Structures are given as C-alpha cells and as structure tokens.
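Each chain, written out:
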Amino acid sequence: MALLAAGALMLTAAGCGGDDGDTVSGGPPPNTVKLPNLKGQKLQVTAVWTGTEQENFTKVLKEFEKRTGAKVSFVPSGDDMAGFVGSKVAGGAPPDVAMVGQVGVMREFAQKGWAKPLGAEASAELAKNYAKGWQDLGSYEGKPYGVYFKTSNKSLLWYNTSAFDYAGAKVPKTWQEFLAQAQLISDSGTDAVAIGGQDGWTLTDWFENVYLSQAGAEKYDQLAQHKIKWTDPSVKKALETLAELWGTKGLVAGGRSGALQTAFPDSVTKAFGNKAEPDAGMVFEADFVAANVADAGAELDQDAKVFPFPAVDGKAPVVTGGDVGVALTNSKAAQALLTFLASPDAGTIWAQSGGFISANKNVKFSAYPNASMRKIAQALIAAGNDFRFDMSDQAPASFGGKPAQGEWKALQDFLKNPRNVEGIQRQLERDAAKAYKN
C-alpha cells in the first residue's frame, strides 16, 4: 500500500466527480443486493460503538431485519475487542458478527480459527464494490475474511471558527505553521488543542501522522511490522516533534493532566460545546468527529471546519482506519449480514446520518449530509489502492489495541512527561518485542 497523495485531500477545493451535487440524498437507501429469508433466525453483533455511532449502526441493522426477517441484537464490546471475543469464544457463545477495529486483531481471529472466511455471496459483493487494497486488508493468507464497512481518514484537524476568527488564526499547511497558529489561539485566551488522552488510541493517531510525514512511507511500513525498533532515531525525532505541542504550556486544553482525564468525545465537546467561548480551539481526529460535532450542538461547515494534518518534514500525511465485519459463527445469517454490509445499500444508510465514511465505491457521494464529508469521502475513493493504514491497528492487539498496555499506555506516559523521549522509546520497544515475538 502506498501513501495517499496529499493533494487528494483538498478540503477547501471544489468537489470533483459526477455525484457531488448540493442535493443530499435523504430518501430510502438503494436496494441492490439480494438477501435470503431469515425469518425466525437470531443474530448477535458486537462492536466498540456506543452513543451516536451505535444509534446509526442500529439503523443499518434495522434495515437488515426488515429485508430478511432476522432478529438482530447488538452488544457493545468495550475497547478491548480481542479480550471480549476471546472470553465469549472460551464460553462457547461467540457473537455471530464482530466489527473489528484493528486489522491485527482480525488476522489473529482468522489465525485462531475464530473468524470464518466470507461466503460466495459476500465475496462477490465485496469484489464488486471495493478496491483491491481494501479487499486485501480484510484477507488472511489469501482468503477474504472481512468487509471494511466503516472507514476513516485519520489525518484531520477540526477547528472552532469563532476561536480562529477571534485569535486571527489561519489554516496551517506545515507543522511549524500549526504550532504558530496554536500559540496565537493560546495567546488569545483559549487553549489551542483538545486531546482525548484518556483513550490511548487517539495518541497513537497523533504519533502515526507525525511519523508518516516525517520518516516517510518506507520507514512507516518497517515500524508497523517491527522490522525496525522503536529505539530507532526516526521514532525519537517524531516523539520530540510531538513534544513541541504536548509539552508547551497553554497549547493542550486543561494541561497534560487534564488531557489524560479527557475521553475522546469530551475532547470534541471542549472545542465545540460552547461555540462562542470554547475550552479549545481545535481537536484532532478522523472524519467520525463530525458526529460528535453535531452532538456538541455545533454546525459543520459553519461553527466547525476541518483542515488536513499539516506536513511535518515531508508530505502531508494521510492515515486511514476502519472497522471490518467478520463472521465468528458459520450461520447463514452471519454471512447474509456481511453481504449486506458489503453493499452500497448499508453504507448509504449510515452515510446519510453523518459521522461515517465508506470505502465502498458505489455509495453515492450525494448520500453524505454536507460538503466536508462528501469531499473526505471523495478523497478516500479517489485513492483507490493508494493509502496507508493505521499503524497501531496493524499491530498485535497486546501492543496496539488494548487499554493500559503497549502503545496506548506508553504514549499516555509520554503525554504525562514529554521530556522522557528515550525512556518511552525503550518502553515501546520492550512491549513491541514481546507482542511481535521478535
């Protein structure tokens, strides 16, 4: 997989493509896929999603129930998907379908035999609607196992327009410009950036964007596979760069200790909960922030706007992520749901609700509720196979995907003390070597 061209994400540029009209499709979803009659069958689905995300996914599941007659129940997994599914498998009652947020975890499930390969119908729907890069990400040893239903662009900063206007700040293109604008906002009386440090995964996304832009794609791939050590000078340089933001007084909302007690949804509220006098001028995270902006009572494209993660030393980075649906039982209903999730029908339902990007090239751009989301979706589809996937999500779960351990814990420790660069490098390398077994 190659780096998505930074120029693809011109969020302030005019849209491209034949389906970027201003008319938003808010009607019923398309009906393009044939599904079996599953009347009387029960299906349990698990995902990390709660709140608005769970509500929007439930709309997708309700449509599946309507079309098939199946009864679907949703069970939140919590952040530790691997631990949740492992306990259910050990108890002899795994959920039928899991929406897995880490490709490394999906591969572990396939390796252990917990995940079941896609059936013919789901495979055909996947091949029809997805670029090969996304098909490959959902495969293990050449067999398709998963459908990347909800994807994301993790290289975005969202800003409060009132805070920017009051400070006289402008959208930055480079890291140094970003730090300068952050200082302007801080000097105006508003902390610059809200960080949801209570959720360690947000910190891995910060690191990955800095590292990809600074060290380049080849080093990024090597570190993702632990072919170079976390004690490498390139990691030191990236951590020192992060420390320029995390370690400067007034730039992090609530200070470092406050950030470590802030959950991701609350970090968005800090930037947009009070539109005129926010607790922070900006917040970093993926396109799914749009749903949290709405929850905070702000209006996208008016109160809240977005710009690409700034270039550090090289090209502006684009890191993608996603939740892949996998079957954990051999039931007909599980395969039917994956077939539905691979169709443009399912993707359209959530796209209309916001806070969602689909890698399905046949989900119409007009389904997205505003210009910003349409342009982010266009950039993802235009990339084809040309992208970099979230590094921590490629790692074994014990290193890249669990609270209070591995990379999540190490970067929380680094946020607490950004001066301890080499100590954190040693901690990361020790945990990585144990997880990768090399």
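Residues numbered from 1 in each chain as written. Predicted model: local features only at pLDDT ≥ 70, side-chain atom pairs only at ≥ 80, totals over all residues. Heavy atoms only, no water.

So, on to the domain arrangement of the chain. One can read the domain layout of the chain as domain 1 (42-153 + 321-389) and domain 2 (156-317 + 396-436). Just the C-alpha atoms count here: the centres of domain 1 and domain 2 sit 26 Å apart. Counting residues at the interface gives 23 residues for domain 1 and 22 residues for domain 2. In total, domain 1 and domain 2 occlude about 1700 Å² of area from one another, counting both sides; carbon and sulfur atoms represent 56% of this. Considering only the surface of domain 1 that becomes buried against domain 2, Asp 79, Asn 153 and Arg 388 emerge as the three largest contributors, covering 31% of it. (Domains from an automatic or database assignment. Contact = heavy atoms within 4.5 Å. Buried area = accessible area lost by both parts, 1.4 Å probe.)

Taken as a whole and judged by the stated rule, the model has 15 salt bridges. Among the ionic pairs, Glu 65 bridges to Lys 62, the shortest N-O distance being 3.7 Å. One end of the pair, Glu 65, and the other, Lys 62, are both in helix α1 (residues 51-68), three residues apart, so they sit about a helical turn from each other. For Lys 62, a relative accessible area of 52% corresponds to the exposed category. A salt bridge links Asp 345 to Arg 67; the shortest N-O distance between them is 2.7 Å. In this pair, Asp 345 is assigned in helix α15 (residues 344-353) and Arg 67 in helix α1, connecting sequence segments 278 residues apart. Residue class for Asp 345 comes out buried when judged on its relative accessible area of 0%. (Salt bridge = Lys/Arg side-chain N within 4 Å of Asp/Glu carboxyl O. Helix = DSSP H or I, 4+ residues; strand = E, 2+ residues; numbered from the N terminus. Buried < 20%, exposed > 50% of the residue type's maximum accessible area, 1.4 Å probe, protein only.)

With that settled, the discussion passes to the side chain of Thr 151. With respect to the helices and strands, Thr 151 occurs in strand β6 (residues 146-153). Looking at Thr 151, its side chain comes within polar contact range of the main-chain nitrogen of Ala 359, at 3.2 Å. The contacts of Thr 151, once residues within four sequence positions are left out, are Trp 134, Asp 287, Gly 321, Gly 322, Ile 357, Ser 358, Ala 359 and Leu 380. (Polar contact = N/O pair within 3.5 Å; in protein donor to acceptor, adjacent residues only side chain to side chain.)

Glancing now at empty space enclosed by the protein. One pass over the full model with this rule turns up one cavity of 30 Å³ or more. Its boundaries defined by the atoms lining it, the largest cavity holds a volume of some 40 Å³. If you trace the largest cavity, you find it lined by Ala 194, Ile 195, Gly 196, Thr 202, Trp 206, Phe 264, Ser 267, Phe 284 and Glu 285. The residue makeup of the lining of the largest cavity, split by class, is five nonpolar, three polar and one charged. (1 Å grid on protein atoms, 1.4 Å probe; cavity = no way out; pocket = protein on both sides within 12 Å on 5 of 7 lines; lining within 4 Å. Points joined across faces, edges and corners; volume = space filled by probe spheres on them. Nonpolar A, V, L, I, M, F, W, Y, C, P; charged D, E, K, R; others polar.)

Turning to the layout of surface pockets, a few remarks are in order. Over the atoms rolls a probe the size of a water molecule, and in doing so it shows where empty space is left. Of the voids in this model, the largest pocket is the one considered here, and its volume is about 750 Å³. What lines the largest pocket is a set of 34 residues, among which Val 48, Trp 49, Glu 53, Asp 79 and Trp 201 lie closest to the centre. Contributions of two or more residues to the lining of the largest pocket are made by α1, β6, α8 (200-215), α12 (264-272), α13 (289-295), β11 (319-327) and α17 (391-394). Its residues assigned to classes, the lining of the largest pocket comprises 10 nonpolar, 14 polar and 10 charged. Counting only domains with at least three residues in the lining of the largest pocket, you end up with domain 1 (42-153 + 321-389) and domain 2 (156-317 + 396-436).

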